[in-house]
Amino acid sequence: MALSRTGRVARRLRRTGLQAIPSVLGIVIFNFLLLQLAPGDAADVIAGASGAATAETMAALRAQLGLDHSMLHQLGAYLWNLAHLRLGISAHFNMPVGVLILQRLPNTLLLMITALLLALTFGIAAGAVMATFAGRWADRLLSILALLFYSVPGFWAGLTLIIIFSVRLQWLPSDGFTTVGADLTGIAYARDLLAHLVMPAVSLSLFFLAIYARLTRAAMLEVARQDFVRTAEAKGLSAFTVTVRHILRNALVPVSTVAGLHIGMLMGGSIVTETVFGWPGLGSLAYEAVFARDFNLLLAIVLLSAIVVIIANVLIDLLHTWLDPRVEAI
Amino acid sequence: MQRSGTLWLLLRNPNALVGGLLLLVIVAMAAAASLLYPDDPSDMVAQPFMWPGQDAAYPLGTDNMGRDVAAGIVHGARISLAIGFASTAICLLLGIAVGALAGYFGGWLDDALSRLTELFQTIPPFLFLIVLVAIATPTVATITLCIGVVSWPTIARLVRAEFRALRRREFVQAAETLGYSHARIALQEILPNALPPVIVTTSVLVATAILNESALSFLGLGDPNVVSWGTMIGTGREVLRTAWYLTAIPGAAIVITVLALNLVGEALNDALNPRLGVE
Amino acid sequence: MRAYLSRRIFSAMAGSMLLVPPLVARADTPKRGGTLKFLVEPEPTSLVPIADTTGANVMISAKVTEGLFNYGLDFSLRPSLATGLQTSVDGKEMTFTLRQGVKWHDGQPFTSADVAFSIETLKKYHPRGKATFANVAEIRTPDDHTVVLVMSLPAPYLINALAGQESPIIPRHIYDGSNPLANPHNNAPIGTGPFVFKDWQRGNFILLERNPDYWDQPKPYLDRIIVRTIPDAAARSVALETGEVDIGGEYLVPLSDMGRLGSLPQLGIETQGYAYSPNVHRIEFNLDNPYFKNLPVRQAVAHAINKDILLRTVWYGFGVVTTGPIHPDVARFYTADVVKYAFEPSTAEKLLDEAGFRRGEDGVRFSVMHDPLPIGLMHMQTGEYIKQALGKVGIKVTLRSQDMAGYIKRVFTDRQFDFTNGAMTNGPDPTLGVQRFYWSKNFRPGVPFSNASHFSNPDVDRLLEAAQSEIDLHKRAEDFYGFQRIVVQELPDITPIAVKLFTIYNKKVKNHTLTADGIHCNLADVYIDS
């Protein structure tokens, strides 16, 4: 039994891996062609920022950036490099894309995971409370709160937090990743990082928190009606045990599905939050890449988030087999 | 019977009532914008940085260039709602077309369209939106189109699932044996039955579109010829410390509008999917 | 027979005497130690401005990579890597004496070969280098500490373009034989300057440390410089206010926030130190446009715009209402003796009526699109004002927003624009920074910041070309006066505002503005008074 399940998982992974190759290829080609439609190129951007140019500088820049070749040639070169796991040089930052992304990835992951954990913890808890007290005042209050969180633009939530906690109370830093030049280590460093992380993570999590709360509530109410719950109740298990072990566990299936989708969204979707808080992550990097016409960089970030989405989908399928044994790992 | 029941459910629901009323007020405000403030809201009309209440002529104050914030809010409602609804229409059109084709015909067409949908879904949506707007040069029309283009995959998946399920039902099979054309079966038999979940999603789509437009404008990617709430927040952000009302007021306008839409959506959901509602 | 002009500068004693800060009380003795937190925006893209002279790159570069000279607040030459300069009477031979005993940060000796290599590289790749070194026919290095530039024609402007930020001297042994644009040391520079590059964490900070072997002992006084980037404008204000950063300049904080920041006791504002590369704000017409090709229409626009309102609402007073393309701070070449266009909407309406552009039934004479330069808020805000002001005289203006790449392509490559506005630098000399916009031979579609208006005037061409190689300063000034008079008469652009850039600094930071390029210079003299 255990072995066959492992076998199924392996099969699933292998199939996903094979399916992922054409998907990734499609994503790269689609985005490459899409970006060709954008007016101007990286050399124009450099000249624009430099405030001066000559025909010779432009030609030299284009030659260096490989922009002097035809579009198909550039696409071919990009795919060739990609096949050899080379992501190329960033036109804007003038350094290898891989290095650049690796520098920013931990920051993005930290922000993303913190925000998702916050959202999941408080969202599921709130949803469970709402479902347990469905129709009563606790449910109504939390429902309205969730709806409010769902309606607040992320950047505005961020700015509001800044006004309150940075400007008025002066408790938290409004910007950046750590206090530069403070040379902190150990606990002091962790505290500094945490102080910088709180506001971006909270403002990013509100929207997702609201979704998870509502999903958990709906799913729990749905599950509560099903036979195995009635059986559990009939067996005389306590209400709390039934709620947590049977209802909540099964209700987590839709929540984790949606959360999986959100991982992909968050890889590039924290652009606004990262901009508001000056958080040096992949979102702000991607944002800069668009305006710098830095296609090597942008394609790499899109590719990365696509791969993360694909992996997240697999992990969620596996999680489902664990949460709900009725779901087969097909 | 069914319809009046839905309406009754809606009216009985306090969320729907509050949301509907709020939405009505905002729509009225947008409709009356030219009557209330006939001049261009981007005109500099008074001394800059007047706080709300400082001058009765400018109840919500003026911004850093001496523009009337109240005029901006009223005219901004127009832009937000216009972009919200129009882009949702585009999104529905695309999403239903793709979803219906894929779900109805199945086979290779379904494979191809599903792949396309997945492709669109793997790109982080807001990043995708920014790329599209950078390509298209931001105007109200292009922003609307871009938001529509970015958001159709959700609808496509939803419609495809409904179509696939309904396709095997008896009444569709009956229509087939009667020799109805594909178009007639899809549009007259299946589509009306596939719509309820789409309708529920619509208000959320409008709300999301408004949020997306405001985020774009906030980042400076809005249409410079119109005043939008996001643009107002974007300019106000510069002076967050000294004049926080310039971000707070348009922000509140967005929250209220989106909240109203979500309340209505919630109520629609309860009405159309009663089994998930409050027992 | 060679005769030399007497312009001669000696290093050691004379040089260091020249470098006495004119603004700071003499009694202050600089203190050693401390960290300067330097704010730039946006993050630099490279730390050696060879082909990419993005503002932030230029701002940081000279701390590590020096130039041949520095320039006093009055533009007088101060020795840096060059200690002396002799120019032949005909202006066609420039002999630079180089400082001895200078070492690159990697320990290699600095020699004339580095200078020759740098000038060749800049001439080839630098966006202004081609103009700066255009007349350099030959570079001779008779010995390790002498460089001779042999010119095909005199180049009086060249002497002004040798600051570290404009013409950085790079190490030949690092760059030789490779594509200088792709050299990894552009991100980890090796220079001769007072500060040594240590670390660059992208999106976070750049760390520069004191060069203990700097040639100008006991300088530098600081232990290190941390360069920080803060993407959000309001957050930059906060950082300056709280002391999280110490100093920064150019378009750094929202001008709307300056009233508050300026009144804080710990902060100071310095408007000197920007004469090296002053900005003039221009509203530039496309003269191929069917409306703007008519001079009366351009005159009407000039009369319809209230420059005082622009100065007050867009620039918050950080500038002066000016008269022409050369910044008044470039006192040697500026003249106010040009045609003036008073704010008179009625005159504007009359001009438009007479030109045949009468108001239609909707009150509109014609419609045009306006493309503001996509940097900062001020250009879009200028556009918003222009839209309102021209609307009042019956010209309907639609604003178009796009990113930098889109703007460059639209205006300079495709020329699909009606009129635009943007602040642009005069450069260290009008020949280098101003000529490019008005010289008919620089009408080159595809080249950014060329003559986008398609202005073509034989007299202007003649005057600009004369000024290129005129070694008599007075005659050269006359050429530029004449140029300004014609340009303001012909109005290929309207130049409403001479921008006053400024440095905003924590008052504990001393000696930051001793040269014409202020905090763009090497900061060797800066110390922190705690």
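Residues numbered from 1 in each chain as written. Chains lettered and ligands numbered in written order. Predicted model: local features only at pLDDT ≥ 70, side-chain atom pairs only at ≥ 80, totals over all residues.

Draft legend 1. Expanded view of the overall build of chain C. The secondary structure content of chain C amounts to 16 helices and 21 strands. A compact globule built from 530 residues would reach a C-alpha radius of gyration of about 24 Å, and chain C, at 24 Å, matches this within 12%. For chain C, the C-alpha atoms occupy an extent of roughly 75 × 60 × 45 Å along the three principal directions. Burial statistics for chain C: of 530 residues in total, 57% are counted as buried. Sequence-distant contacts, at least 24 apart, represent 70% of the contacts inside chain C between residues at least 6 apart. (Helix = DSSP H or I, 4+ residues; strand = E, 2+ residues; numbered from the N terminus. Rg over C-alpha atoms; globule rule 2.2 N^0.38 Å. Buried ≥ 20, exposed ≤ 12 C-beta atoms within 10 Å, placed from the backbone. Contact = placed C-beta atoms within 7 Å.)

Draft legend 2. Region of interest: the overall build of chain A. Secondary structure assignment for chain A yields 13 helices and 0 strands. Listed N to C, the secondary structure of chain A is α-α-α-α-α-α-α-α-α-α-α-α-α in terms of helices and strands. In terms of principal-axis extent, the alpha carbons of chain A reach across some 85 × 55 × 40 Å. For chain A, the residues scored as buried account for 48% of the 330 residues in total. Long-range contacts, defined as pairs at least 24 residues apart, comprise 73% of the intrachain contacts of chain A with a sequence gap of at least 6.

Draft legend 3. Geometry of the interface of chain C and chain A. Facing the 44 residues of chain C at the interface are 43 residues of chain A. For the side of chain C that touches chain A, the element with the highest residue contribution is helix H12 (residues 404-414) of chain C, accounting for 7 residues. Partitioning the side of chain C that touches chain A into residue classes produces 20 nonpolar, 12 polar and 12 charged. (Nonpolar A, V, L, I, M, F, W, Y, C, P; charged D, E, K, R; others polar.)

Draft legend 4. Spatial organisation of the environment of Gly191(C). Residues and elements named next belong to chain C. By the element assignment, Gly 191 lies in the loop between helix H5 (172-175) and strand S8 (195-201). According to the C-beta neighbour criterion, Gly 191 is buried, with 30 such atoms within 10 Å. Residues Gly 191 and Ser 61 lie 130 residues apart in sequence; the distance between their C-alpha atoms is 9.3 Å. Those residues in contact with Gly 191 that lie beyond four places of it in its chain are Val 64, Thr 65, Glu 66 and His 105.

Draft legend 5. Just the environment of Thr117(B), in detail. Residue and element names in this part refer to chain B. Note that Thr 117 resides in helix H5 (residues 107-122). We classify Thr 117 as buried; it has 20 C-beta atoms within 10 Å. Taking C-alpha positions, Thr 117 is 9.2 Å from Gly 99, a pair spaced 18 residues apart along the chain. Not counting the four nearest positions on each side in its chain, Thr 117 is found in contact with Val 98, Pro 153, Ala 156 and Arg 157.

Draft legend 6. Expanded view of the pairing of strand S1 (residues 35-40) of chain C. Residues and elements named next belong to chain C. Taking burial as the measure, the 6 residues of S1 include 5 buried ones, the bulk of the element. Bridge count between S1 and strand S10 (residues 224-229): 6 bridges; the pairing is parallel. What sits directly across from Leu 39, in S10, is Arg 228. Pairing of S1 with strand S11 (residues 247-249) involves 2 bridges; the strand directions are parallel. When the bridges of S11 are listed, Phe 38 appears paired with Ile 247. (Pairing = 2+ DSSP bridges.)

Draft legend 7. Main features of unusual backbone geometry. All names here are of chain C. With an omega of 5°, the peptide bond running from Gln 217 to Pro 218 counts as cis. With respect to the helices, strands and loops of the structure, Pro 218 is situated in the loop between strand S9 (205-210) and S10. Along the chain, Lys 219 connects to Pro 220 via a cis peptide bond; the corresponding omega equals -5°. The topology assignment puts Pro 220 in the loop between S9 and S10. For His 454, which is not glycine, the phi torsion reads 65° and is therefore positive. On the basis of neighbour count, His 454 is assigned to the partly exposed category, with 17 C-beta atoms found within 10 Å.

Draft legend 8. Fine view of helix H16 (residues 473-490) of chain C. For H16(C), with 18 residues, the first-to-last C-alpha span of 26 Å sits near the 26 Å given by 1.5 Å per residue. Buried residues along H16(C) sit against helix H13 (430-433), helix H14 (435-438) and helix H15 (458-469) of chain C. (Expected span 1.5 Å × (residues − 1).)

Draft legend 9. Looking closely at the sheet that holds strand S15 (residues 366-372) of chain C. Residue and element names in this part refer to chain C. If you trace the 6 strands from one edge of the open sheet to the other, you get S14-S18-S13-S17-S15-S16, paired in mixed fashion. Here the strands that pair on one side only, and so sit at the sheet edges, are strand S14 (319-321) and strand S16 (395-399). Ignoring which end each strand starts from, the neighbouring axes of this sheet average 30° apart. Bridging between S15 and strand S17 (residues 419-425) involves 3 bridges; their strand directions are parallel. Directly across from His 370, in S17, lies its bridge partner Phe 419. Contacts from helix H9 (residues 307-314) reach S14 and strand S18 (493-499) within the one sheet, and its direction differs from that of S18 by about 45°. Across the face of the sheet, helix H11 (residues 378-392) comes into contact with strand S13 (279-285), S15, S16 and S17 while running at roughly 160° to S16. (Axes fitted to C-alpha atoms, helices over the stretch in contact; angles between N-to-C directions.)

Draft legend 10. Molecular detail of helix H7 (residues 154-168) of chain A. For H7(A), spanning 15 residues, the distance from its first C-alpha to its last is 20 Å, which sits close to the expected 21 Å at 1.5 Å a residue. The sharpest bend along H7(A) reaches about 30° and sits at Ile162(A). Looking only at H7(A), the buried set comprises Gly154(A), Phe155(A), Trp156(A), Ala157(A), Gly158(A), Leu159(A), Thr160(A), Leu161(A), Ile162(A) and Ser166(A). Buried residues in H7(A) make contact with helix H8 (186-224) and helix H11 (271-277) of chain A, helix H9 (182-218), helix H10 (229-237) and helix H11 (245-272) of chain B together with helix H6 (233-242) of chain C. (Bend = angle between axes of the 7 residues up to and from the residue.)

Draft legend 11. Spatial organisation of the interface of chain A and chain B. Each partner contributes to the interface: chain A provides 41 residues, whereas chain B provides 35 residues. Of the residues contributing to the side of chain A that touches chain B, the split by class is 31 nonpolar, 9 polar and 1 charged.

Draft legend 12. Quick look at the sheet that holds strand S12 (residues 267-270) of chain C. Residue and element names in this part refer to chain C. If you trace the 7 strands from one edge of the open sheet to the other, you get S8-S9-S10-S1-S11-S19-S12, paired in mixed fashion. Strands with a single pairing partner mark the edges of an open sheet, and in this sheet they are S8 and S12. Neighbour-to-neighbour, the strand axes of the sheet open up by a mean angle of 20°, direction not taken into account.

Draft legend 13. Structural detail: the packing of helix H12 (residues 282-292) of chain A against helix H6 (residues 125-136) of chain B. Orientation of H12(A) relative to H6(B), taken along the N-to-C sense of each, is 15°, at an axis distance of 10 Å. As the angle between them shows, H12(A) and H6(B) are arranged roughly parallel. H6(B) is crossed by H12(A), and the crossing has right-handed handedness. Residue-level contacts link Ala286(A), Tyr287(A), Val290(A) and Phe291(A) of H12(A) to Leu127(B), Ile130(B), Val131(B) and Ala134(B) of H6(B). Residue composition of the contact of H12(A) with H6(B), by class: 8 nonpolar, no polar and no charged. (Parallel < 35°, antiparallel > 145°, perpendicular 65-115°, else oblique. Left-handed = near helix turned anticlockwise from the far one by under 90°.)

Draft legend 14. Region of the structure containing the environment of Val393(C). Residues and elements named next belong to chain C. Among the secondary structure elements, Val 393 is positioned in the loop between H11 and S16. Look at Val 393 and you get buried, because 21 C-beta atoms sit within 10 Å. Sequence separation between Val 393 and Thr 347 is 46 residues, and the spatial gap between their C-alpha atoms is 9.7 Å. Apart from residues lying up to four places away in sequence, Val 393 is in contact with Ala 300, Ala 304, Pro 345, Ala 348, Glu 349 and Leu 352.

Draft legend 15. Expanded view of the confidence of the model for chain C. Residue and element names in this part refer to chain C. When pLDDT is averaged along chain C, the result is 90, and 95% of the positions lie at 70 or above. Across chain C, helix H8 (residues 295-304) holds the top mean pLDDT of 97, while helix H1 (residues 12-18) sits lowest at 32. Note on residues 1-27: pLDDT is under 50 here. Beyond four places in sequence and across chains, it has 39 contacts. Interface confidence in the predicted complex, given as ipTM, is 0.84; pTM for the same model is 0.88. (pLDDT = per-residue confidence, 0-100.)

Draft legend 16. Inspection of the packing of helix H4 (residues 69-105) of chain B against H11(B) at higher detail. Residue and element names in this part refer to chain B. Two numbers describe how H4 lies on H11: the axes approach to 10 Å, and their chain directions differ by 35°. Both H4 and H11 take part in a crossing whose hand is right-handed. Each of Val 69, Ile 73, Gly 76 and Ser 80 in H4 lies in contact with H11, whose residues at this interface are Ile 249, Pro 250, Ala 253 and Thr 257. Here the residues of the contact of H4 with H11 are counted per class, giving 5 nonpolar, 3 polar and no charged.

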